[in-house]
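For reference, the chains in residue letters:
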Amino acid sequence: MNFTQKMCHYKAWANEKTFAALQLVDPDEIYRNRHSCFSSILSTLTHSYAIDDIFRAHLEGRVHRYEHKNVTSLTTLEELRSKVNKMDRWWIGYAGQLNETKEDELVEYTFLDGSKGAMTRQEMVIHQFNNSTYQRAYIDKKLYSIHDIPTTTAYPDNT
């Protein structure tokens, strides 16, 4: 298994562990306004999913449907869990078909603000890994303050 595959497997594992921890929380806490860049735990998860979907579109060479990184159309936690699980399976499959030549291939794209960007395919996978780790850390902090339920999704714990 190559590095990008390991990262995608870890990301799926950590996402599932986060959703499992959220099942232990009063649903009102998941929707509660937190007065931060993402208004709630659910909106943080939705943002992370949207960024995954945007970068997936970049990697597939197609236009995505997003106009903003803070997605306002929220779904239920279970619906989002299903979407994230499906997206994680896509990332695992995508990483599994990359070889060294494809990993180093440059992909040009347009940011949401209209500016241009370019990363290699491997850099895009790494970006997604880091973005989702950052979002889960925010959620872990909130879970700890709500119920003292840290999810412990650090990479070495993926055993």
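Just above, that's the structure.
Worth saying up front: this structure is predicted, and the values here are computed from it rather than measured.

Calculation notes
- Per-chain numbering applies: the sequence of each chain, read as written, is numbered from 1 onward.
- Confidence filtering applies because this is a predicted model: local features only for residues at pLDDT of at least 70, side-chain atom pairs given and counted only at 80 or more, and all residues used for totals across whole chains, interfaces and linings.
- Excluding hydrogens and water, the side-chain values take into account all heavy atoms of the structure.
- Helix and strand assignments come from DSSP, with helices taken as H or I runs of at least 4 residues and strands as E runs of at least 2, each series counted from the N terminus.
- For each residue, the accessible area found with a 1.4 Å probe, counting protein chains only, is set against the maximum for its type, and the residue is called buried under 20%, exposed over 50%, and partly exposed in between.
- Pairs of residues are marked as contacts when any of their non-hydrogen atoms sit within 4.5 Å.
- Here, Shrake-Rupley sampling with a 1.4 Å probe gives the accessible areas, and only protein chains in the shown set may cover a residue.
- Throughout this description, a polar contact denotes any pair of N or O atoms lying within 3.5 Å of each other; where both atoms belong to protein, one of them has to be capable of donating a hydrogen while the other can accept it, and for residues adjacent in sequence the pair is counted only when both atoms sit in side chains.
- Strand pairing is defined by DSSP finding a minimum of two bridges between the two strands.
- The term salt bridge refers to a pairing of a side-chain nitrogen on Lys or Arg with a carboxyl oxygen on Asp or Glu at a separation within 4 Å.

What follows is about the overall build of the protein chain. The helix and strand tally for the protein chain stands at six helices and two strands. In the protein chain, which comprises 159 residues, the proportion classed as buried is 48%. Contacts spanning at least 24 positions in sequence make up 70% of the contacts within the protein chain whose residues lie at least 6 apart. Element-wise, carbon and sulfur atoms account for 52% of the exposed surface of the protein chain, whose accessible area totals about 8,700 Å².

We now examine the side chain of R81. As for its placement among the helices and strands, R81 is situated in helix α4 (residues 77-96). Since its relative accessible area comes to 16%, R81 is described here as buried. At a separation of 2.2 Å, a polar atom in the side chain of R81 contacts the side chain of E16.

Let's shift gears to the pairing of strand β1 (residues 106-110). Side-chain alternation along β1 places V107 and Y109 on a buried face and L106, E108 and T110 on a face that remains uncovered. Hairpin connection from β1 to strand β2 (residues 116-120): five residues lie between these consecutive antiparallel strands, with G114 at a positive phi of about 95 degrees.

This brings us to the pattern of salt bridges. On inspection of all chains with the given rule, the structure shows eight salt bridges. The residue R32 makes a salt bridge to E29 at a minimum N-O spacing of 2.5 Å. Assessed through its relative accessible area of 14%, E29 is described here as buried. Of the charged contacts in the structure, one is a salt bridge between R56 and E60, with a shortest N-O distance of 3.2 Å. Highlighted residues: R56 and E60, both in helix α3 (residues 41-60), separated by four residues, approximately one helical turn. Residue E60 is classed as partly exposed on the basis of its relative accessible area of 36%. Connected via shared salt-bridge partners are K11, D52 and D88.

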